[in-house]
Amino acid sequence: MTPFTYRCTDCGREYAREQVRYLCPECGKRYRPGIPLVGVLEVVFDYEAICSTFKCEKPDWNLFCAVEPEFFPPMAVGNTPLVKVQRLGEGLGLPQLWVKNDGLNPSGSLKDRASFLVVAEAKRLGEKRVVTASTGNAASALAVVCASAGLEALIFVPEKAPKGKLVQMVVAGATVVPVQGTYDDAFRLSLEFTAQRGGLNRNTAYHPLTLEGKKTVGLEIWAQLGFQVPDAVIVSVGDGVILGGVHKAFVDLQRAGFIDRLPRLIGVQAEHSDAIHRYVQTGRYSDAPTPATRADSISVVCPSNAHGARKAVLDSHGLTLTVTDDEILDAQGSLARSTGIFTEPAGAAAMAGLLKLQKGPDRLPANARVVLLATGHGLKDIESPLTRIAIPAAVEPRMEALNL
Ligand SMILES: *Cc1c(COP(=O)(O)O)cnc(C)c1O
Ligand SMILES: [Zn+2]
């Protein structure tokens, strides 16, 4: 832990840690469910303290952390492998391509990183119950981390969330409330719940430590590349908090003086769940009214971190693009076949984005060091790949019956 203040990303006002919990008290007055969050708070550390204490030879990552380690849940999250994928990379004209396999987190997605930190904060505050709305993964992450820490998880999910994710939550003992409607409906309901009944709300970007938790993936990438900044990171985008978190990692490293540039952030959205993409392109925000996609984890009408995600893309000289469900499911298969990494459709969206990017005018150059984030495990949703593949029929156990 390094001392920090919260700073409003809209008005710049600063607040002491104990003064605020969710949004900026001033700007948050302008927020109502159904618009992107305003007054999202950012953690601003004492960067001189980090600079004088952090050593690459023996990295103490707690220096970049906004909660004291004594409150950490016993479960270990993060520290996922960064895999150099030579064959895939060469096929794409990118011999220096890595995949950060975050599907290998305990609940199978990058969301464990955010849940871990918010649950640590709940322990620090003495809160017994943590509440979230989720498309599925944030909820399964919260369920398992709460189980590890002995807290109650209360979860609002769209009723159509993939079965595997719902099973994870229920098995881990969470209180699960499937909501008739969309993720955006669940988001609003969860805010009303914590406003009236209390508990700590973990909603993405609404609780500032979700961004800080997701940031750890960026810090790890830097360390795993030998304390080098990649040229680009490809990230699938729903609410835009993973994108914002990766950005914050490199901003923290820059403010502390360890790096002198940011990686370009390439955000990939599903064709019909494209509110952030259009916002980046036009500078004007509007909802994605029917965000239907097989990539359920990035299906959102009104992304909570739309403003922060847009700033992160522009600040890093990155770009955004969209991909179709066909492209996503193709990419899921080709990533699995060329690397062995099986990622859920939302994770495969990043791969689909990279494939598309390399075919167009914004192609990344051959000398670029590129990291593709695989954000969730493929077994989270087996229905989607089953629309593309057939499981072979059983044979009699005789050599003659084999058609090989
Ligand atoms: C949540 C999630 C995303 C998108 O993250 P946002 O912060 O909502 O943009 C991408 N992939 C997977 C697997 C996720 O669970
Ligand atoms: Zn403010």
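What counts and what doesn't
Residues numbered from 1 in each chain as written. Chains lettered and ligands numbered in written order. Predicted model: local features only at pLDDT ≥ 70, side-chain atom pairs only at ≥ 80, totals over all residues. Heavy atoms only, no water. Helix = DSSP H or I, 4+ residues; strand = E, 2+ residues; numbered from the N terminus. Rg over C-alpha atoms; globule rule 2.2 N^0.38 Å. Buried < 20%, exposed > 50% of the residue type's maximum accessible area, 1.4 Å probe, protein only. Contact = heavy atoms within 4.5 Å. Areas by Shrake-Rupley, 256 points an atom, 1.4 Å probe, with all protein chains shown as cover. Lys, Arg positive; Asp, Glu negative; His and termini not counted. Charge placed at Lys NZ, Arg CZ, Asp CG, Glu CD. Donors = N, O, S within 2.8 Å, 3.2 Å for Na, K, Ca; no water. Tetrahedral: all angles 85-135°; square planar, octahedral: opposite > 155°, others 65-115°. Phe/Tyr/Trp six-rings, centres within 6.5 Å; stacked < 30°, edge-to-face > 60°. Axes fitted to C-alpha atoms, helices over the stretch in contact; angles between N-to-C directions. Parallel < 35°, antiparallel > 145°, perpendicular 65-115°, else oblique. Left-handed = near helix turned anticlockwise from the far one by under 90°. Salt bridge = Lys/Arg side-chain N within 4 Å of Asp/Glu carboxyl O. Pairing = 2+ DSSP bridges. Near = heavy atom within 4 Å. Polar contact = N/O pair within 3.5 Å; in protein donor to acceptor, adjacent residues only side chain to side chain. Nonpolar A, V, L, I, M, F, W, Y, C, P; charged D, E, K, R; others polar. Patch = residues over 30% accessible without salt bridge, like charges linked within 9 Å, V, L, I, M, F, W, Y side chains within 5 Å. Core = buried A, V, L, I, M, F, W, Y, C linked by side-chain atoms within 4.5 Å.

**Q** Can you walk me through the overall build of the protein chain in this structure?
**A** Within the protein chain, the regular secondary structure consists of 13 helices and 13 strands. On C-alpha atoms alone, the protein chain measures out to a radius of gyration of 20 Å, which is about the 22 Å that the 2.2 N^0.38 rule sets for 404 residues. Its C-alpha atoms give the protein chain principal-axis dimensions of roughly 75 × 45 × 45 Å. In the protein chain, buried positions account for 58% of the 404 residues. Within the protein chain, contacts between residues at least 6 apart in sequence are counted, and of these 70% link residues at least 24 apart. For the protein chain, the computed accessible surface area is about 16,500 Å², with 53% contributed by carbon and sulfur atoms. Separation between the mean location of the 43 positive side-chain charges and that of the 42 negative ones in the protein chain comes to 1 Å.

**Q** How should I be thinking about the coordination of the zinc ion (ligand 2) in this particular structure?
**A** Each pair of donors in an ideal octahedron of six around a metal sits at 90 or 180 degrees, and each pair in an ideal tetrahedron of four sits at 109.5 degrees. Coordination of the zinc ion (ligand 2) by the protein comes from C8 (SG), C11 (SG), C24 (SG) and C27 (SG), over a distance range of 2.3 to 2.4 Å. Coordination at the zinc ion (ligand 2) comes from 4 donor atoms whose angles at the metal span 106 to 115 degrees, giving a geometry best classed as tetrahedral. With a relative accessible area of 1%, C24 lands in the buried category.

**Q** Help me out: how do you make sense of the packing of aromatic side chains in this one?
**A** Aromatic ring pairs are reported here in terms of the distance separating the ring centres and the angle at which the planes meet. All told, the structure shown has 16 aromatic pairs when counted by the stated rule. Seen in terms of ring centroids, F45 and Y47 are 6.1 Å apart; in terms of plane orientation they differ by 85 degrees. Their pairing is edge-to-face. Per residue, the accessibility class of F45 equals that of Y47, and both read buried. An aromatic cluster of at least three residues, connected via ring pairs, comprises F54, W61, F64, W222, F227 and F258.

**Q** What is the right way to look at the packing of helix 3 (residues 111-125) against helix 7 (residues 208-224) in this model?
**A** The geometry of a pair of packed helices is captured by two quantities: the angle between their axes and the separation between those axes. In contact at an axis separation of 7 Å, helix 3 and helix 7 are set at 130 degrees when each is read in the N-to-C sense. By the criterion of interaxial angle, the relationship of helix 3 to helix 7 is oblique. The two elements helix 3 and helix 7 meet at a crossing, and its hand is right-handed. Between helix 3 and helix 7, the contacting residues are K111, R113, A114, L117, V118 and E121 on the first element and L209, T210, E212, G213, K214, T216, V217 and E220 on the second.

**Q** It is not clear to me how the environment of F342 should be interpreted in this structure. Could you clarify?
**A** Within the secondary structure layout, F342 lies in the loop between helix 11 (325-339) and helix 12 (345-359). For the pair F342 and N305, spaced 37 residues apart in the sequence, the C-alpha separation amounts to 27 Å. Leaving out residues up to four positions away in the same chain, F342 has contacts with Q332, G376, H377, G378, L379 and P385.

**Q** Explanation requested: the pattern of salt bridges in the structure shown.
**A** It is possible for side chains of opposite charge to pair when their charged atoms get near one another. Evaluation of the coordinates by the stated rule reveals 25 salt bridges. For E18, the salt bridge identified is with R124, shortest N-O distance 2.8 Å. Pair noted here: E18 is in the loop between strand 2 (14-15) and strand 3 (41-45) and R124 is in helix 3, with a separation of 106 residues, a long-range link. In this structure E18 comes out as exposed when scored by relative accessible area, which is 58%.

**Q** When you look at the sheet that holds strand 11 (residues 264-270) in this model, what are you seeing that I'm missing?
**A** Two orientations exist for strands paired in a sheet by backbone hydrogen bonds: parallel and antiparallel. Taking strand neighbours across the sheet as the criterion, the 6 strands line up as 4-5-13-10-11-12 in an open arrangement whose pairing is mixed. Each edge of the sheet is formed by a strand with only one pairing partner; in this case those strands are strand 4 (82-84) and strand 12 (319-323). Each neighbouring strand pair of the sheet contributes to a mean axis angle of 25 degrees, computed without reference to strand direction. Relative to strand 12, strand 11 runs parallel, the two sharing 5 bridges. When the sheet's bridge partners are listed, I266 is paired in strand 12 with L319. Sitting on the sheet, helix 8 (residues 241-255) touches strand 10 (232-236), strand 11 and strand 13 (370-374), and the angle it makes with strand 11 is about 175 degrees. Seen against the sheet, helix 9 (residues 275-282) touches strand 11 and strand 12 and runs at an angle of roughly 140 degrees to strand 12.

**Q** Just to check I follow, could you spell out the site of ligand 1 for this structure?
**A** By nearness alone, 16 residues border ligand 1, and K111, N137, G238, G240 and T375 come closest of all. Within the backbone of D239, one N or O atom sits 2.8 Å away from an oxygen atom of ligand 1. Here G240 contributes a backbone N or O atom positioned 2.8 Å from an oxygen atom of ligand 1. Notes on ligand 1: free accessible area 380 Å², of which the protein chains cover 98%. Taken together, the residues of the shell around ligand 1 break down into 5 nonpolar, 7 polar and 4 charged.

**Q** Explain a nonpolar patch on the surface here, please?
**A** A surface patch of nonpolar side chains, amounting to about 490 Å² of accessible area, comprises L379, I382, L386, I389 and I391. Within the secondary structure, I389 sits in the segment after helix 13 (383-386).

**Q** Please clarify how the nonpolar core should be interpreted in this entry.
**A** Generally speaking, soluble globular proteins have nonpolar side chains that are buried together. Of all hydrophobic cores here, the largest spans 98 residues; its most connected members are F250 and L373. Counting residues per element, this core draws most heavily on helix 8, at 8 residues. Here F250 is in contact with G218, W222, V229, P230, I259, L262 and P263, once residues within four sequence places are set aside. L88, L92, A232 and A346 belong to the second-largest nonpolar core, a separate cluster that totals 33 residues.

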